[in-house]
Amino acid sequence: GYWFIAYFTLPPALKAWRSFGHDLVQLGESPIVESSARAFREQVDEFLQVYKGRPEKVNRCGMQILHSFAVWHTIRRLKPTTIIESGVNVGHSTYIIRSAAPQAKIISIDPLDHPICDPKLPRWIDSTNNEYLTGAKFKDFGNIDWRSRADMDPERTLVFFDDHQNAYKRIPLMQKFGFRHGIFEDNNAP
């Protein structure tokens, strides 16, 4: 696999851009880029305090500081009411997500009930407003009937994938359930 982070909104929201034959390839100035640069300068000190308080200081198999900031900043800008986290590992991303969205409902999904890299490490558990579908309760993101859940609005939900699955297969699943916002922290090549 390889590491990348991508945030997208389906369908593209910036209509002022000129297209190069595909909705995802566009030319023009991006208010998102400009506002993100400004927000970075304004929010970096606050984020560094959050990052300093992270429960696992090493996080060998997970996000480091730059990806953590990108996720934290995106969540703060988007303000989702529900966040589905597919891939928990040691709980670092759960911690970053919770710090960015203190009121949001988080649904954490992972086939294991312990960290993958070091099963002896304790997993950080969010006790605020989190539903864990891990270990024996695990169901893959694509095998959950998200439309039957009355406790979430797909328009206001962010799906965070850090589960080492093929992103190309995840996007149609998101569309099937009406989710418009997603972050792929990393994935496996198709």
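For clarity, every value in this text was computed on a predicted model and none was experimentally measured. (Residues numbered from 1 in each chain as written. Predicted model: local features only at pLDDT ≥ 70, side-chain atom pairs only at ≥ 80, totals over all residues. Heavy atoms only, no water.)

A.B. asks: Could you give an account of a positive patch on the surface, naming the residues involved and the relevant values?
C.D. replies: Where like charges cluster on the molecular surface, the positive patch consists of R38, R41, R77 and K79. With respect to the helices, strands and loops of the structure, K79 is situated in the loop between helix 2 (65-78) and strand 4 (82-86). Relative accessible area serves as the criterion here: at 57%, K79 is assigned to the exposed category. (Patch = residues over 30% accessible without salt bridge, like charges linked within 9 Å, V, L, I, M, F, W, Y side chains within 5 Å. Areas by Shrake-Rupley, 256 points an atom, 1.4 Å probe, with all protein chains shown as cover. Salt bridge = Lys/Arg side-chain N within 4 Å of Asp/Glu carboxyl O. Lys, Arg positive; Asp, Glu negative; His and termini not counted. Charge placed at Lys NZ, Arg CZ, Asp CG, Glu CD. Helix = DSSP H or I, 4+ residues; strand = E, 2+ residues; numbered from the N terminus. Buried < 20%, exposed > 50% of the residue type's maximum accessible area, 1.4 Å probe, protein only.)

A.B. asks: Explain the pairing of strand 5 (residues 105-110) to me, and be specific about the residues and the numbers.
C.D. replies: In terms of burial, strand 5 is largely enclosed, as six of its six residues are buried. Along strand 5, one buried face is formed by K105, I107 and I109 and the opposite face, lined by I106, S108 and D110, is buried too. Relative to strand 5, strand 4 runs parallel, the two sharing five bridges. Paired with E85 across the bridge in strand 5 is S108. Handedness of the crossover joining strand 4 and strand 5 through helix 3 (residues 92-100) is recorded here as right-handed. Two elements, strand 5 and strand 6 (residues 130-134), share five bridges in a ladder whose sense is parallel. Its bridge partner lying in strand 6, I106 is registered against N130. (Pairing = 2+ DSSP bridges. Right-handed = clockwise from strand over helix to strand, strands pointing away.)

A.B. asks: Would you mind going over the side chain of D162 in detail, with residue names and values included?
C.D. replies: Tracing the sequence through the fold places D162 in the loop between strand 7 (157-161) and helix 4 (167-177). Buried and unpaired, D162 has no salt bridge, with R123 as the nearest side chain of opposite charge at 11 Å. Excluding anything up to four places from it in sequence, D162 contacts M63, S86, G87, E185 and D186. (Contact = heavy atoms within 4.5 Å.)

A.B. asks: I'd like to hear about unusual backbone geometry, residue by residue, with values.
C.D. replies: With a phi close to 55 degrees, K79 is a non-glycine residue in the positive phi region. Its identity as a non-glycine residue notwithstanding, H164 has a phi of 60 degrees, on the positive side. In this structure, H164 sits in the loop between strand 7 and helix 4.

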